[in-house]
Amino acid sequence: MRKVRDYDAELKALGDKARALKAKRVEQLGQLVAVTGADALDAETLAGVLLDAIGSKDAGAKEAWRAKGAAFFQRRGRKGGGSAAIDGSGAATEPGGDAADGSGATANG
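Residues numbered from 1 in each chain as written. Predicted model: local features only at pLDDT ≥ 70, side-chain atom pairs only at ≥ 80, totals over all residues. Heavy atoms only, no water.

Undergrad: Help me understand the overall build of the protein, please; the structure alone is not making it clear to me.
TA: On a plain count of helices and strands, the protein comes out with four helices and zero strands. Secondary structure elements of the protein, listed N to C terminal, follow the sequence α-α-α-α. The proportion of buried residues among the 109 residues of the protein is 20%. Here the analysis covers contacts within the protein between residues at least 6 apart in sequence; of these, 68% occur between residues at least 24 apart. Just so you have it, the protein exposes about 7900 Å², and 59% of that area is on carbon and sulfur atoms. (Helix = DSSP H or I, 4+ residues; strand = E, 2+ residues; numbered from the N terminus. Buried < 20%, exposed > 50% of the residue type's maximum accessible area, 1.4 Å probe, protein only. Contact = heavy atoms within 4.5 Å. Areas by Shrake-Rupley, 256 points an atom, 1.4 Å probe, with all protein chains shown as cover.)

This is the structure in C-alpha cells:
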C-alpha cells in the first residue's frame, strides 16, 4: 500500500522555506547598502539612484557598474572579510568604500 502524502504539510514547509529565503535576501540587501556606505544617503536619494540604474538602457554603464561592484567584492575578499557581510555570516565593516566614489554608480550586481 502506498504511503499517503500530507500535501498541506508539504505546502506549509515550502511556504516557510520561501519566507525564510525572502527574509535572508532582504537582510543581505540591507547589509549591501550598509557595507557600501549607501546608508549615509536618505531613502529618497537611494531610491532615485536605484530607479535610475534599473531604468538605464546604457549597456556600457551597466557593465561598468557590474565591474565596479565585482571589484568591490574582490577587494573585500582580500581584506579577510570576504563576502561575509553580504552572505549574512558577518558584520558590515567598510562604510564609505570606493563603490560610490561620486560617479553615481551603484554596486548592485
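Following the structure, the description resumes.
Undergrad: Sorry if this is basic, but what is going on with helix α1 (residues 7-36) here?
TA: Three or four residues apart is the spacing at which side chains of an α-helix point the same way, because the helix has 3.6 residues per turn. If you check α1, its first and last C-alpha atoms are 43 Å apart, about what 30 residues at 1.5 Å a residue would give, namely 44 Å. Listed in full, the buried residues belonging to α1 are Gln 31, Leu 32, Val 35 and Thr 36. Once α1 finishes, Gly 37 follows within two positions and takes phi at roughly 85 degrees, a positive value. (Expected span 1.5 Å × (residues − 1).)

Undergrad: Whenever I open this one, the pattern of salt bridges confuses me. Can you help?
TA: Close approach of charged atoms allows side chains with opposite charge to pair. Under the criterion given, the structure shown has four salt bridges. Of the charged contacts, one joins Glu 10 and Arg 5 as a salt bridge, the two residues approaching to 2.7 Å between their closest N and O atoms. For Glu 10, a relative accessible area of 31% translates into the label partly exposed. One salt bridge in this structure joins Lys 12 and Asp 16, with 3.1 Å as the shortest N-O distance. Placement of the pair is Lys 12 and Asp 16 together in helix α1, with a separation of four residues, close to one helical turn. (Salt bridge = Lys/Arg side-chain N within 4 Å of Asp/Glu carboxyl O.)

Undergrad: How should I be thinking about the confidence of the model for the protein in this particular structure?
TA: Detailed reading of the predicted model is not advised wherever pLDDT is low. Mean pLDDT over the protein stands at 80; residues scoring 70 or higher make up 71%. Per-element confidence in the protein ranges from a low mean pLDDT of 49 for helix α4 (residues 84-87) to a high of 96 for α1. Note that residues 88-109 has pLDDT below 50 and, in this model, 45 contacts with residues that lie over four places away or in other chains. (pLDDT = per-residue confidence, 0-100.)

Undergrad: Hey, could you run me through the side chain of Ser 56 in this one?
TA: Tracing the backbone through its elements, the reader meets Ser 56 in the loop between α2 (43-55) and α3 (59-78). Assessed through its relative accessible area of 15%, Ser 56 is described here as buried. For Ser 56, the residues in contact, after removing those within four places along its chain, are Lys 62 and Trp 65.

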